[in-house]
Amino acid sequence: MILTYVLLVVGFVLLIKGADFFVEASSSIAKTLRVPSIIIGLTIVAFGTSMPELAVSTTASLAGNNEIAVGNVIGSNIFNLLVVLGACGAIRPFAVQLRWDYAASVGVAAALFFMIVGDHFVSRTEAIILLMLFAVFVAMTVRDALTNRIEEEEEYKSITPLRCAIYIVGGLTAIVCGGDLVVECAKEIALALGMSQTLVGLTVVALGTSLPELFTSVSAAIKGKADIAIGNIVGSNIFNILFVVGTAALILPVEFAPNFVIDTAVAIGAGVLLLVCVAGKKKLVRSHGIIMLVCYAAYFAYLMMG
């Protein structure tokens, strides 16, 4: 078991560092394109930090471990909204300009809820619908980028094209290998501790694969780049449901455990909480951040009692 825990840590390190290299290279490319910070946060940074979720859920789906595949996504989305943004708000309050993307993140969670509330199942047909919605989201975001070009380049670290290519290939390779390690080790730990795969997916795996979002958004908030901090979370959550769940279900139709309906409802509630917090003052303040963290603590206690 000691080796299993060591390999689990190695898997998380590969996931985190792989995502880090991928984001750094992608941000360098974005600098040349003169793309606004919020667009970078919603797309390049969000998709880069969500690669661990994609790797873990796809690997789990291929192995037939649907509970980890789905639990990882839902658990990560809840963690992103309540812990990552909660921590950002608690550390340094920042202004938030409401956009259609924020409402869209709640909408896609609601779409998943209605897909599973009846038969607890996401078919290949529904997977195609999710992927088509993802294509629409990307198209609308690209449209926003093209119509809101900025004159001055954003302050991102620039790297050479060769180094950029190495970072992208190496980062994605590390993410895939790390995802495989995490899934296999999580299965062994769950069996040894008598935990269900559902609980492991919603906690251990979800928290581990959300670390890139946590470090990226907190760092962005500390540096005063609020658009990247919140854009990263909103974009990641949309990517997780539409692309990650869509891809996993396309590979192998996903059957949800009944309790996942409640977890998905919690994800919707977390998204609504964010909208309510920022709708009035157009700002995420410390009290909002603390409320979010307390809500996650309550949710985590519910998981442990279940």
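Cut-offs used in this document
The residue count restarts for each chain, going from 1 along the sequence in the order it is written. Whole-chain, interface and lining totals are the exception, using all residues; otherwise, since this is a predicted model, local features are given only for residues with pLDDT of at least 70 and side-chain atom pairs are given and counted only at 80 or more. Neither water nor hydrogens contribute to the side-chain values; these are computed over all heavy atoms in the structure. Secondary structure elements follow DSSP: runs of H or I no shorter than four residues count as helices, runs of E no shorter than two count as strands, and numbering proceeds from the N terminus. When we talk radius of gyration, it's over C-alpha atoms, and the globule rule is simply 2.2 Å times the number of residues to the 0.38. Residue exposure (1.4 Å probe, protein chains only): buried if accessible area is under 20% of the type maximum, exposed if over 50%, otherwise partly exposed. Residues are treated as being in contact if the distance between any of their heavy atoms lies within 4.5 Å. In these tables, accessible area is a Shrake-Rupley quantity obtained with a 1.4 Å probe, and a residue counts as shielded only by the protein chains included in the view. For this count, His and the chain ends are skipped, Lys and Arg are scored as positive, and Asp and Glu as negative. Where a charge lies is defined by one atom per residue type, namely NZ (Lys), CZ (Arg), CG (Asp) and CD (Glu). Surface patches are defined over residues having more than 30% relative accessible area and no salt bridge, joining like charges when they lie within 9 Å and nonpolar side chains (Val, Leu, Ile, Met, Phe, Trp, Tyr) when within 5 Å. Just to be clear on terms, a salt bridge is a Lys or Arg side-chain nitrogen sitting within 4 Å of an Asp or Glu carboxyl oxygen. When two rings of Phe, Tyr or Trp (its six-membered ring) have centres within 6.5 Å they constitute a pair, described as stacked for plane angles under 30 degrees, edge-to-face for angles over 60, and tilted for the intermediate range. Buried residues of nine kinds, namely Ala, Val, Leu, Ile, Met, Phe, Trp, Tyr and Cys, make up a nonpolar core once their side-chain atoms join them within 4.5 Å.

Participant: What exactly am I supposed to notice about the overall build of the protein here?
Facilitator: Along the backbone of the protein there are twelve helices and four strands. Its C-alpha atoms give the protein a radius of gyration of 18 Å, near enough to 19 Å, the size a compact globule of 306 residues would have. Reported as C-alpha extents along the three principal axes, the dimensions of the protein are approximately 55 × 45 × 40 Å. Buried positions account for 55% of the 306 residues belonging to the protein. Put simply, 87% of the contacts in the protein that link residues at least 6 apart link residues at least 24 apart. On the protein, roughly 12,600 Å² of surface is accessible, and the fraction owed to carbon and sulfur atoms is 71%. In the protein, the 17 positive side-chain charges and the 20 negative ones have mean positions that sit 11 Å from each other.

Participant: Looking at this structure, I do not really get the environment of T173. What am I missing?
Facilitator: For T173, the position within the fold is in helix α7 (residues 161-193). Considering only alpha carbons, one finds T173 and G64, 109 residues apart in sequence, at a separation of 22 Å.

Participant: Help me understand a nonpolar patch on the surface, please; the structure alone is not making it clear to me.
Facilitator: Taken together, the side chains of I2, L3, V6, L7 and V10 present a nonpolar region at the surface, about 460 Å² in accessible area. Inspection of the secondary structure puts V10 in helix α1 (residues 2-33).

Participant: What is the right way to read the packing of aromatic side chains from this model?
Facilitator: Two descriptors summarise a pair of aromatic rings, namely the distance from one centre to the other and the angle between the planes of the rings. Inspection of the entire model under this criterion finds twelve aromatic pairs. Between F134 and F239, the ring centres sit 5.6 Å apart and the planes meet at 75°, which makes this aromatic pair edge-to-face. Placement of F134 in helix α6 (residues 124-147) and of F239 in helix α10 (residues 226-251) is noted, with a sequence separation of 105 residues between them. For the ring pair Y299 and Y302, a centre distance of 6.2 Å and an interplane angle of 35° mean the geometry is tilted. With Y299 and Y302 both in helix α12 (residues 286-305) and three residues apart, this pair spans about one turn of that helix. For Y302, a relative accessible area of 32% translates into the label partly exposed. Taken together, the aromatic side chains of F47, W100, F134, F137, F239 and F243 make up a single cluster linked through ring pairs.

Participant: Help me out: how do you make sense of the pattern of salt bridges in this one?
Facilitator: Between side chains of opposite charge, pairing is possible as soon as their charged atoms come close. For the coordinates displayed, the defined rule picks out one salt bridge. The partner of R143 in a salt bridge is D144, with the nearest N and O atoms 3.4 Å apart.

Participant: I keep staring at the nonpolar core and nothing clicks. Help me out?
Facilitator: Side chains of nonpolar character tend, in soluble globular proteins, to be buried together. Within the largest apolar cluster, 91 residues are counted, with the highest numbers of intra-cluster contacts made by L85, I230, F256 and L284. What L85 contacts, discounting residues up to four positions off in sequence, is N80, F94, A229, I230, I233, L274, L284 and M292.

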